[in-house]
Amino acid sequence: MGEYVQVQTSIPSREKGLEIARSLIDSNLAACAQVVGPMTSTYRWRGEVRVDEEYLLLIKTPAARYADLEAHVHRMHSYSVAEIISVPINSGLASYLEWMDAETQAPGG
């Protein structure tokens, strides 16, 4: 077992979140992806404070798959400056982490 991360990105709609989640699973870039929300986000964009309804996509993957996952999410994301951040998973149930490894094997790997 290696190191693992949870990646999060905010997205404008549940449908977009499900689209990205399915694509990540189909590409073996993530073992699990969850769409959470809606939530209310408050932020400054181009000098203006905005308050928008968004959803949160939580993605679990081995750290070794992060760079490919980030590029994939960035290509699919509708925001010009997308929140794509990674948080280390410090520990977890061994069988779950093993399952993550099995589900995210790169093709031919």
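Predicted model only: the values in this text are computed from it and were never measured.

Focus on the nonpolar core
Link 1 in the chain: Among the nonpolar cores identified, the biggest contains 17 residues, and Val7, Ile20, Leu24, Ile59, Leu69 and Val73 are the most heavily contacted of them.
Link 2 in the chain: Going through the elements one at a time, strand S1 (4–11), helix H1 (14–26), strand S3 (48–62) and helix H2 (66–76) are the ones with two or more residues in this core.
Link 3 in the chain: Among the elements that line this core, the one with the most residues is H2, at four residues.
Link 4 in the chain: If we ignore the near neighbours within four places in the chain, the residues touching Leu69 are Val7, Leu24, Leu29, Ala30, Ile59 and Thr61.

Structural notes on H1
Link 1 in the chain: For H1, with 13 residues, the first-to-last C-alpha span of 18 Å sits near the 18 Å given by 1.5 Å per residue.
Link 2 in the chain: Every buried residue of H1 is listed here: Lys16, Gly17, Ile20, Ala21, Ser23 and Leu24. For H1, the angular spread of the buried residues around the axis is 165°, confining them to a single face. Residues Glu15, Arg22 and Asp26 are exposed on H1 and point more than 90 degrees away from its buried face.
Link 3 in the chain: Directly beyond the C-terminal end of H1, a positive phi value near 60° is found at Asn28.

Rules used throughout
Within any chain, residue numbers begin from 1 and follow the written order of that chain's sequence. Local features in a predicted model are, by the rule used here, given only for residues with pLDDT of at least 70; side-chain atom pairs are given and counted only at 80 or more, and totals for whole chains, interfaces and linings are based on all residues. Neither water nor hydrogens contribute to the side-chain values; these are computed over all heavy atoms in the structure. For our purposes a nonpolar core is just a set of buried Ala, Val, Leu, Ile, Met, Phe, Trp, Tyr and Cys residues, chained together by side-chain atoms within 4.5 Å. Only protein chains enter the accessibility calculation, which uses a 1.4 Å probe; a residue is then buried when its area is under 20% of its type maximum, exposed when over 50%, and partly exposed in between. Here a strand is any run of E in DSSP of at least two residues, a helix any run of H or I of at least four, and the numbering for each starts at the N terminus. Between two residues, a contact is recorded if the distance between any of their heavy atoms is within 4.5 Å. The length a helix should cover is 1.5 Å for every residue beyond the first. Here the arc refers to the set of directions running from the helix axis out to each C-beta atom.

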